[in-house]
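Take a look at the letters that make up each chain.
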Amino acid sequence: MTEEGILVLNAGSSSVKFTVFALAGRSLAPKLHGQVEGIGTGITRRLVARNRSGEPVADEPWPSGTHQDILQHLINWIHATEGNKLHLRAAGHRVVHGGMLHDAPVRVTPAILEQLRVFVPLAPLHQPHNLAPIETLAKLYPELPQIACFDTAFHRHKRPEASLVGLPRRYLDAGIKRYGFHGLSYEYIAGRLTELDPTRAKGRVIAAHLGSGASMCAMKDGVAIDSSMGFTAVDGLMMGTRPGSLDPGIILHLLQQEKLDVPALEKLLYRESGLLGVSGGLSNDMRILLDSDSPAAQEAIDLFVYRAAKEIGALAVTIGGLDVLVFTAGIGERSAEIRKRICALVSWMGIKLDPAANTTHALRISTDDSPIAVWAIPTDEELMIARHTARLIEHAP
Ligand code: ADP
């Protein structure tokens with residue numbers, strides 16, 4: 001019997017991550033998850049994939065070719081792996097920028113695609129890669145409904161001044177605003193928190209998405225009010241390889257005194273800074289830094305924790321206090337040590353961490369009498385994309 005499926009794609013500069021969900025009525029179950037990595041790099045291109053039980057189903061070299069070849073191979077591989085019993089009903093895509101136009105996912109048409117290309121200069125490192133598979137699939141399978149899900153959309157209802165920057169009005173009018181990112185993750189967390197703690201989810205919540213990219217989002221009643229990320233995903237917290245908020249005078253100094261050109265500056269800000277840079281080039285991986293006794297590694301961790309705690313304080317102001325703090329993404333979900341250190345710096349706000357719950361990675365990691373509840377909730381951006389996609393195609397032919 002043929003099963004209906006939804007393909008979720010998250011395409012970056014060097015990899016295409018994919019998840020196939022089986023769609024039965026309104027329920028979605030992940031079947032395959034993996035990525036084609038090494039695209040556009042010197043290293044060999046590979047496909048790695050796991051099935052729904054997490055067992056490896058592929059770890060193999062992947063043929064070189066155009067973007068179109070890669071996607072065509074991938075879809076053939078998915079069909080072959082599923083014994084040709086899967087009918088792909090739609091594709092859902094992670095698209096970093098929806099600008100001020102989109103506060104919800106949309107079905108992509110040629111006109112929408114044209115519109116989304118306008119945002120390429122606002123997110124040059126992400127948007128072109130996100131749009132490429134949409135264009136390719138539209139050529140390969142013109143009948144396949146494609147849904148664009150935006151990282152910015154969840155932030156579109158934040159308080160108005162949270163979108164502004166202190167530049168002359170003409171730049172604001174040209175789209176230089178604070179958009180906010182990781183919106184699919186925050187939307188998932190807001191929904192999950194409502195299931196876990198419906199009363200407090202209506203209150204003042206800060207979600208900390210601490211992965212290789214890191215940001216925080218302040219919400220009230222599940223609506224985003226402000227975020228640490230702004231015009232680009234370099235702003236805010238210190239991250240794996242990005243510095244986060246930086247005195248703009250430093251950029252001028254680097255251009256004028258250090259004579260960095262724009263490509264070098266871009267590389268510095270996106271790939272060489274953050275945990276990697278401050279640890280003296282040791283690693284952008286928090287696990288390696290936590291295991292290291294190098295003073296530079298320890299300083300990188302201290303800075304990461306300090307900046308995170310400071311941001312919690314700042315975001316609490318935007319929502320007038322705090323009822324719930326949620327940790328998510330790689331570091332937030334898995335590092336009891338980092339959660340402990342961040343919570344220690346904001347304990348004065350009324351956070352009482354339960355050490356046993358924290359180290360065993362329970363969902364709720366604060367004590368029962370903690371005025372502020374603390375949770376560690378695994379995020380699922382792919383599921384969020386699949387849900388939006390399923391909803392939008394519900395009435396489509
Ligand atoms: P991405 O933004 O690439 O999706 P993830 O959310 O998967 O990132 O987070 C990746 C990061 O999570 C890694 O770089 C690593 O620093 C961190 N991480 C993963 N597991 C742990 C762990 N057990 N302890 C500390 N950090 C971890």
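Refer to the preceding data block for the structure.
Just so we're clear, the structure is a prediction, and the values are computed from it rather than from any experiment.

Criteria and thresholds
- Residues numbered from 1 in each chain as written.
- Predicted model: local features only at pLDDT ≥ 70, side-chain atom pairs only at ≥ 80, totals over all residues.
- Heavy atoms only, no water.
- Salt bridge = Lys/Arg side-chain N within 4 Å of Asp/Glu carboxyl O.
- Helix = DSSP H or I, 4+ residues; strand = E, 2+ residues; numbered from the N terminus.
- Expected span 1.5 Å × (residues − 1).
- Buried < 20%, exposed > 50% of the residue type's maximum accessible area, 1.4 Å probe, protein only.
- Contact = heavy atoms within 4.5 Å.
- Axes fitted to C-alpha atoms, helices over the stretch in contact; angles between N-to-C directions.
- Parallel < 35°, antiparallel > 145°, perpendicular 65-115°, else oblique.
- Nonpolar A, V, L, I, M, F, W, Y, C, P; charged D, E, K, R; others polar.
- 1 Å grid on protein atoms, 1.4 Å probe; cavity = no way out; pocket = protein on both sides within 12 Å on 5 of 7 lines; lining within 4 Å.
- Points joined across faces, edges and corners; volume = space filled by probe spheres on them.
- Near = heavy atom within 4 Å.
- Polar contact = N/O pair within 3.5 Å; in protein donor to acceptor, adjacent residues only side chain to side chain.
- Areas by Shrake-Rupley, 256 points an atom, 1.4 Å probe, with all protein chains shown as cover.

Caption draft 1: Fine view of the pattern of salt bridges. Considering all chains together, one arrives at 20 salt bridges under this definition. For the salt bridge of R89 with E4, the shortest nitrogen-to-oxygen distance reads 3.5 Å. Of this pair, R89 sits in strand β6 (residues 86-95) while E4 is found in strand β1 (residues 3-11), placing the two residues 85 residues apart along the sequence. Residues R200 and D197 are paired through a salt bridge, measuring 3.8 Å at the closest nitrogen-oxygen approach. What emerges from the salt-bridge pattern is a single network uniting D302, E337, K340 and R341.

Caption draft 2: Seen up close, helix α3 (residues 127-140). Taking 1.5 Å of rise per residue, 14 residues should cover 20 Å, and α3 covers 20 Å from first to last C-alpha, within 8% of that figure. Those residues of α3 that sit buried are Q127, N130, L131, A132, P133, I134, T136 and L137. Check the buried side of α3 and you find it contacts β1, α1 (67-81), β6, α2 (110-117) and β8 (146-150).

Caption draft 3: Inspection of the packing of helix α5 (residues 183-196) against helix α15 (residues 381-393) at higher detail. Packing of α5 against α15 leaves a shortest axis separation of 8 Å and a crossing angle of 85°. What the angle tells us is that α5 and α15 run roughly perpendicular. Across from L184, S185, E187 and Y188 in α5, the residues of α15 making contact are E381, L383, M384, I385, R387 and H388. Each residue belonging to the contact of α5 with α15 can be placed in one class, and the counts come to 5 nonpolar, 2 polar and 3 charged.

Caption draft 4: Spatial organisation of empty space enclosed by the protein. Tallied over the entire structure, the rule returns 1 cavity of 30 Å³ or more. Considering only enclosed or pocket space, the largest cavity measures out at about 80 Å³ in volume. Forming the walls of the largest cavity are V96, H97, L122, A123, P124, L125, H126, F181, F231, T232, A233 and Y270. Tallied by class, residues from the lining of the largest cavity come to 9 nonpolar, 3 polar and no charged.

Caption draft 5: Geometry of the site of the ligand. Surveying the vicinity of the ligand reveals the residues G211, S212, G213, D285, M286, R287, A329, G330, I331, R334 and S335. Take S212: an N or O atom from its side chain is 2.7 Å from an oxygen atom of the ligand. With respect to the ligand, the side chain of D285 contributes an N or O atom lying 3.2 Å from an oxygen atom. Protein coverage of the free-state accessible area of the ligand, which is 570 Å², stands at 71%. It is helix α12 (residues 329-334) that provides the largest number of residues to the shell around the ligand, a total of 4 residues. Considering only residue class, the shell around the ligand consists of 3 nonpolar, 5 polar and 3 charged.

Keep in mind these values describe shape, not function.
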